[in-house]
Amino acid sequence: AAAGKLLVVPVDGSHWLSMREVLDMLQQKGHEVVVVAPDVSLHIKPSKNLMMKMYSVPYTHEEMEKEF
């Protein structure tokens, strides 16, 4: 099978932690993976293995942590 393109818009939290491993494996097999995520999050951080596209959100990291 030929490698494909995958656009991922993850939800922050434990789902992302599991998904990141799968995305790393897909990328290693030749798939082009692009992750679109907010610039303020708990677990979603830029990665050298994945192409990350970050977008601005109207709250700070401190405000988000306070709500959690």
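Rules behind the numbers
Numbering of residues begins from 1 in every chain and follows the order in which that chain's sequence is written. With the structure being a predicted model, the display of local features is reserved for residues of pLDDT at least 70 and the display and counting of side-chain atom pairs for 80 or more, all residues being used for whole-chain, interface and lining totals. By convention in this description, side-chain values take in all heavy atoms of the structure and omit both hydrogens and water. Take the buried residues of types Ala, Val, Leu, Ile, Met, Phe, Trp, Tyr and Cys, join any two whose side-chain atoms come within 4.5 Å, and each joined set is a nonpolar core. Exposure is judged per residue with a 1.4 Å probe applied to protein chains only, and the accessible area is read against the type maximum: over 50% gives exposed, under 20% gives buried, and values in between give partly exposed. In this text, helices come from DSSP runs of H or I with a minimum length of four residues, and strands from runs of E with a minimum of two, each type numbered from the N-terminal end. Whether two residues are in contact is decided by their heavy atoms, any of which lying within 4.5 Å being enough. By this definition, two strands are paired if DSSP reports at least two bridges between them. Note on method: axes are straight lines fitted to C-alpha atoms, helices fitted across the in-contact stretch only, with angles between N-to-C directions ranging 0 to 180 degrees.

Looking at an unreviewed UniProt entry, one finds the protein chain named UD11 glucuronosyltransferase, with Cnemophilus loriae as its source organism.

**What about the nonpolar core?**
Listed in full, the nine residues of the largest apolar core are Val-8, Trp-16, Leu-23, Val-33, Val-35, Ala-37, Ile-44, Leu-50 and Met-52. Every element with two or more residues in this core is listed here: α1 (14-28) and β2 (32-38). The element best represented in this core is β2, accounting for three residues. Not counting the four nearest positions on each side in its chain, Val-8 is found in contact with Met-19, Leu-23, Val-33, Val-34, Val-35 and Val-36.

**Some points on the environment of Gln-28**
As for its placement among the helices and strands, Gln-28 is situated in helix α1. Residue class for Gln-28 comes out exposed when judged on its relative accessible area of 65%. Sequence separation between Gln-28 and Asp-12 is 16 residues; the distance between their C-alpha atoms is 23 Å.

**Focus on the environment of Val-11**
If you trace the backbone, Val-11 turns up in the loop between β1 (5-8) and α1. Sequence separation between Val-11 and Lys-45 is 34 residues, and the spatial gap between their C-alpha atoms is 12 Å. Among all residues touching Val-11, those that are not within four sequence positions of it are Trp-16 and Ile-44.

**Comments concerning the sheet that holds strand β3 (residues 51-55)**
Strand order in this open sheet of three strands is β1-β2-β3, and the pairing throughout is parallel. Each edge of the open sheet is held by one strand with a lone partner, namely β1 and β3. When strand polarity is set aside, the average angle formed by the axes of neighbouring strands in this sheet is 15°. Inspection of the sheet shows β2 paired to β3 by five bridges, in the parallel sense. Pairing of Pro-38 across the sheet is with Tyr-55, part of β3.

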